[in-house]
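This is what each chain is made of:
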Amino acid sequence: MADLSNKDREAARLYHEVTKHSYTSVRSNPHRLDWDNRPFQYKIYPAAGSLAMPRELELPSAATAAAIAGRAGTAGGADRTADLEEITRLLFCTGGLTRSRTVNGEEYHFRAAASAGALYPIEIYLAAGDVDGVEPGLYHFSPADLKLRGLRRGDWRGYLAEAAGCDDLRQSRAILIFSAIFWRSAWKYRARAWRYCFWDAGTMLANLLAVASADGISAEIITLFADAPVERLLDVDGDREGVVCLAALGRVPDAPAAPFGATPPPSIGLDTLPLSANEVVYDDLVKMHRASRLDSPGAAAELRGARLPPADAGGAAPVMLEPLRDDETSELGATILRRGSTREFAREAIDGTELATILATATAPIPGDFLPLVEPFLIVNAVDGLDAGVYRFHRAAGNLELLRAGEFRGEAGYLCLEQPLGSDCSALICYMMRLDDVLEAFGNRGYRMAHLEAGVLGGRAYLAAYSIGRGATGLTFYDDDASKFFSPDDPAWSPLLMLAVGAPKRRVNRDSDDG
Ligand SMILES: Cc1cc2nc3c(=O)[nH]c(=O)nc-3n(C[C@H](O)[C@H](O)[C@H](O)COP(=O)(O)O)c2cc1C
C-alpha cells in the first residue's frame, strides 16, 4: 500500500463513499456472519504481571446532567490527586463490565458504554505517572477480571507529550490511550467498521468525561498526535490495532513536569492470545486509518490551530425549550449501571423539556483539542410542546429550528436501515458534519475527529436519556438518503451517527438500576 498522507483528502472522501449504506447496497452486498470465526472480545496478555483493582467502588453521586456538562465536582479539578481507586472508578465506568446475559448456554458480557453490535473493539491502556498506589508504568486495562496488566515500567508521560506536540501532557497525572482492534468490529461491519470503532470510543469517552468531572479530576481528549510513537509504545502495528485518542487525567501546573523521553521503546515482548482462527483484512479500512495518521508531532501541533468557517447563528424562528434542572436527572453512577440500549419504544410522547435536556447536555463543550464539528438534526415523532417534523439543533445558539413540519415516522424508520426503533421513538437524532469543511481544516484526521465527536455526543445523549427514565439506542443509517432528507438543499451535510430517544416499552426506573 502506497504511503498515504493526511493532506490527501481524497482518501477520506473515497472511504466515505465506498462504505456508505444504501437500500440497494445492503441487498446487493449482504454479509453472512461466520459465528465460528467470531473474534474474542478481550485482549489477553497471558504472561503479564497484574495489579488487582478494588471491586468495592463508590460510584459518582453527582447529577448526570451536571456531570456531563461540567457543572459538578470541584472547579477545575487541578489539585485533585489520583489514586488506584479513582483510576478504577474511571476505567470501570468507561469500559467495565456492567451486565451479562446467557443465551443458549453462552454468556454475553455488556459494558458501561454502548458499542455497535456489542463487539467492543476498543482497548484502554494507562500510562501512570503520578497515581497513588500505582507504580509509574504502562498498563493494559483488562475489564474481564478488573485488573491492570503491567506492560512497561517507567514514566511515559513525557514521551506521549512529545508524540502529541503538547507539553501540557507532561503535567497530567496519568494518560489513557484508547486503541481499536479493527477486526472485532469488521467481523460484522467489514470496511465500514472503522467508523464504528470511533463511535464506540466516543461513547466510552462520554462516560469517562462525565465521571472525571463528577470526581473533580480534569480530563482532556487529545486526538492530534503522531501515531507511530504511540503505536510503538503500545507495541501495535497501526493496521490491525490503531490508536484512536489519548485522554489526559488530572493536572498539576506547579509540579515538576515529567521529562521528555526521546528514546523509542523496545518491543514489549509479551504475546497476546489470538482473537479468532482467521482475521480478515479490509483494505479500505486499513487505508483510511493510514491516511489519517499524522507523521510528526509538529503536524499535530500545527493542526491544533486549525479553524472552521463560522457556525451560522441559528434559524429565523428559533424554538427555545427549557431543559430540566440538574437535580431532576439521576445520579451518574446509577445512570451508567442502568444504561442499556432500548430494544423497543412505546410510540409515546416525551416532554419538550426532556428532549431539551438530552440535546443540550449532549452538546456541552468537550474538553480537549476538539472543535465542534458535529451538529444534531432530528425528526420529532412525538414530543409534547413541539410540532412533529424535521428540526436542526443549533449547537452554538442552543435552539431548535423547524425545517419542515409533518409526520415522518415512516421516513425515520426507513433512514435507520428500516429499523422500527426509528419510527417508534419520540425523536430520532442524526448527528451530521460538513464533510468538506472538516477535511479542509484537519485533513483526513478531521474525519476521525468528527466520528469520535459524534460518538461522544451519542454517548452523552444515552446517559441523559437514561438519567430521566427515558431510553435511547444508537443506530446506523442509509447515508445519502439521510443527507437528502435532512438537508435537501445543501448536500454538504453528511450523517455520522443516529440515536433514537423516547419512551421505552419497558419502563426505566429513574432511580433504580434494574431498568
Ligand atoms: C455506534 C452504535 C451503533 C449502533 N447501531 C445499532 C443499530 O443499528 N441497531 C440496534 O438495534 N442497536 C444499535 N446499537 C446498540 C448496540 O447494539 C448496543 O449498544 C450493544 O448491543 C450493547 O448493548 P447495550 O447498549 O444495551 O449495553 C448501536 C450502538 C452504537 C454505539
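Sequence order as written defines the numbering, with residues in each chain counted from 1. Where totals are concerned, whole chains, interfaces and linings use all residues; where local detail is concerned, this predicted model gives features only for residues with pLDDT of at least 70, and gives and counts side-chain atom pairs only at 80 or more. Derived side-chain values reflect all non-hydrogen atoms in the structure, with water molecules and hydrogen atoms excluded from consideration.

Peer 1: Tell me about the sheet that holds strand β17 (residues 427-434), residues and numbers included.
Peer 2: Within a beta sheet, neighbouring strands are joined by backbone hydrogen bonds and run either parallel or antiparallel to one another. In this scheme, strands are said to pair when DSSP sees at least two bridges between them. Strands are runs of DSSP state E lasting at least 2 residues, helices are runs of H or I lasting at least 4, and numbering of each runs from the N terminus. Strand order in the open sheet formed by 6 strands is β16-β15-β13-β17-β19-β18, with antiparallel pairing between adjacent strands. The open sheet terminates on both sides in strands that have one partner only, identified here as β16 (399-405) and β18 (471-475). The sheet shows a mean angle of 25° between the axes of neighbouring strands, direction not considered. Where strand β13 (residues 374-380) meets β17, 7 bridges bridge the pair, whose relative direction is antiparallel. Note that in β17 the partner of I379 across the bridge is L428. Relative to β17, helix α12 (residues 352-362) is tilted by about 25°, and along the sheet it contacts β13, β15 (389-394), β16, β17 and β19 (493-502). In this analysis an axis means a line fitted to C-alpha atoms, helices contributing only their contacting stretch, and an angle means the value between N-to-C directions, from 0 to 180 degrees. Here, two residues are considered to be in contact whenever any of their heavy atoms come within 4.5 Å of each other.

Peer 1: Break down the site of the ligand for me, citing the residues and quoting the values.
Peer 2: In this text, near means that some heavy atom of the residue lies within 4 Å of the molecule or strand in question. Around the ligand there are 22 residues in total, and R99, S341, R343, Q419 and G474 lie nearest to it. Here a polar contact is taken to be a pair of N or O atoms separated by no more than 3.5 Å, where protein atoms must pair a possible hydrogen donor with a possible acceptor and residues adjacent in sequence count only if both atoms sit in side chains. Between the ligand and Q419, the relevant distance is 2.8 Å, taken from a nitrogen atom to a side-chain nitrogen or oxygen of the residue. Taking T476, its main chain carries an N or O atom lying 3.2 Å from an oxygen atom of the ligand. Here the Shrake-Rupley method, with its probe set to 1.4 Å, supplies the accessible areas, and only the displayed protein chains count as covering residues. Starting from 620 Å² of accessible surface for the ligand in isolation, the protein chains cover 90%. Residue composition of the shell around the ligand, by class: 10 nonpolar, 8 polar and 4 charged. Asp, Glu, Lys and Arg are counted as charged, while Ala, Val, Leu, Ile, Met, Phe, Trp, Tyr, Cys and Pro are counted as nonpolar; the rest, among them Gly, fall into the polar class.

Peer 1: If you had to explain the pattern of salt bridges to someone new, which residues and values would you point to?
Peer 2: The salt bridge definition used is simple: a Lys or Arg side-chain nitrogen within 4 Å of an Asp or Glu carboxyl oxygen. Applying the stated criterion to the full structure yields 34 salt bridges. E106 serves as the salt-bridge partner of R38, at 2.7 Å between the closest nitrogen and oxygen. In this pair, R38 sits in the loop between α2 (25-28) and β1 (50-52) while E106 sits in strand β4 (residues 106-111), placing the two residues 68 residues apart along the sequence. Between R157 and D155 there is a salt bridge whose closest N-O contact spans 2.7 Å. Buried means the residue's accessible area, taken with a 1.4 Å probe over protein chains only, is under 20% of the maximum for its type, while exposed means over 50%, and partly exposed covers the values in between. For D155, a relative accessible area of 30% corresponds to the partly exposed category.

Peer 1: Summarise the environment of E344; cite the residues concerned and give the values.
Peer 2: With respect to the helices and strands, E344 occurs in the loop between α11 (332-338) and β12 (350-351). On the basis of relative accessible area, E344 is assigned to the partly exposed category, the value being 43%. For the pair E344 and K20, spaced 324 residues apart in sequence, the C-alpha to C-alpha distance is 26 Å. Discounting chain neighbours no more than four positions away, the residues touching E344 are L421, P504 and K505.

Peer 1: Explain the packing of helix α7 (residues 193-214) against helix α9 (residues 283-291) residue by residue, including any values.
Peer 2: α9 packs onto α7 with a crossing angle of 50° between their chain directions and a minimal axis gap of 9 Å. The angle between α7 and α9 places the two elements in the oblique class. Of the residues in α9, those touching α7 at A193, W194 and F198 are L285, M288 and H289. Counted by class, the contact of α7 with α9 contains 5 nonpolar, 1 polar and no charged residues. Oblique is the label for any angle not covered by the other classes, which are roughly parallel (under 35 degrees), roughly antiparallel (over 145) and roughly perpendicular (65 to 115).

Peer 1: Any chance you could break down the side chain of S330 for me, citing the residues and the numbers?
Peer 2: You can see S330 is positioned in the loop between α10 (297-303) and α11. Among the polar contacts made by the side chain of S330, one reaches the side chain of R338 at a distance of 2.8 Å.

Peer 1: Please provide a residue-by-residue account of the nonpolar core, values included.
Peer 2: Counting 142 residues, the largest nonpolar core has F178, L355, L378, Y431, F486 and M498 as its most contacted members. Per-element accounting of this core gives the leading share, 16 residues, to α7. If you look at the next biggest cluster of nonpolar residues, it comprises 26 residues, including Y45, A164, I177 and F225. As used in this record, nonpolar core signifies buried Ala, Val, Leu, Ile, Met, Phe, Trp, Tyr and Cys residues forming a set joined through side-chain atoms within 4.5 Å.

Peer 1: Tell me about the pairing of β13, and please be specific about residues and values.
Peer 2: Within β13, 7 of the 7 residues are buried, which leaves it mostly tucked inside the rest of the structure. Side chains V374, P376, L378 and V380 project from β13 onto one buried face, and the interleaved E375, F377 and I379 project onto a second face that is buried too. Relative to β15, β13 runs antiparallel, the two being bridged by 4 bridges. Within the sheet, the bridge partner assigned to F377 lies in β15 and is R392.

Peer 1: Requested: an account of the packing of aromatic side chains, with residues and values cited.
Peer 2: Aromatic pairs are defined between Phe, Tyr and Trp rings, using the six-membered ring for Trp, whenever the two ring centres lie within 6.5 Å; interplanar angles under 30 degrees are classed as stacked, those over 60 as edge-to-face, and all others as tilted. Enumeration over the complete set of coordinates arrives at 16 aromatic pairs. An angle of 70° between the planes, with centres 5.7 Å apart, marks the rings of Y15 and W194 as edge-to-face. With a gap of 179 residues between them, Y15 in helix α1 (residues 10-18) and W194 in helix α7 connect regions that are remote in the sequence. When sorted by exposure, Y15 lands in the same class as W194, which is buried. Pairing F40 with Y42 gives two aromatic rings, centres 5.6 Å apart and planes at 75°, and the pair type is edge-to-face. Through successive ring pairs, a cluster of aromatic residues spans F377, F408, F485, F486 and W493. Comment: the charge-over-ring label is applied if NZ (Lys) or CZ (Arg) is within 6 Å of the ring centre and within 35 degrees of the ring normal. Between R27 and the ring centre of Y23, over which it is positioned, the NZ or CZ distance is 3.7 Å. In this structure, R404 is placed above the aromatic ring of F485, and the distance from its NZ or CZ to the ring centre is 4.8 Å.

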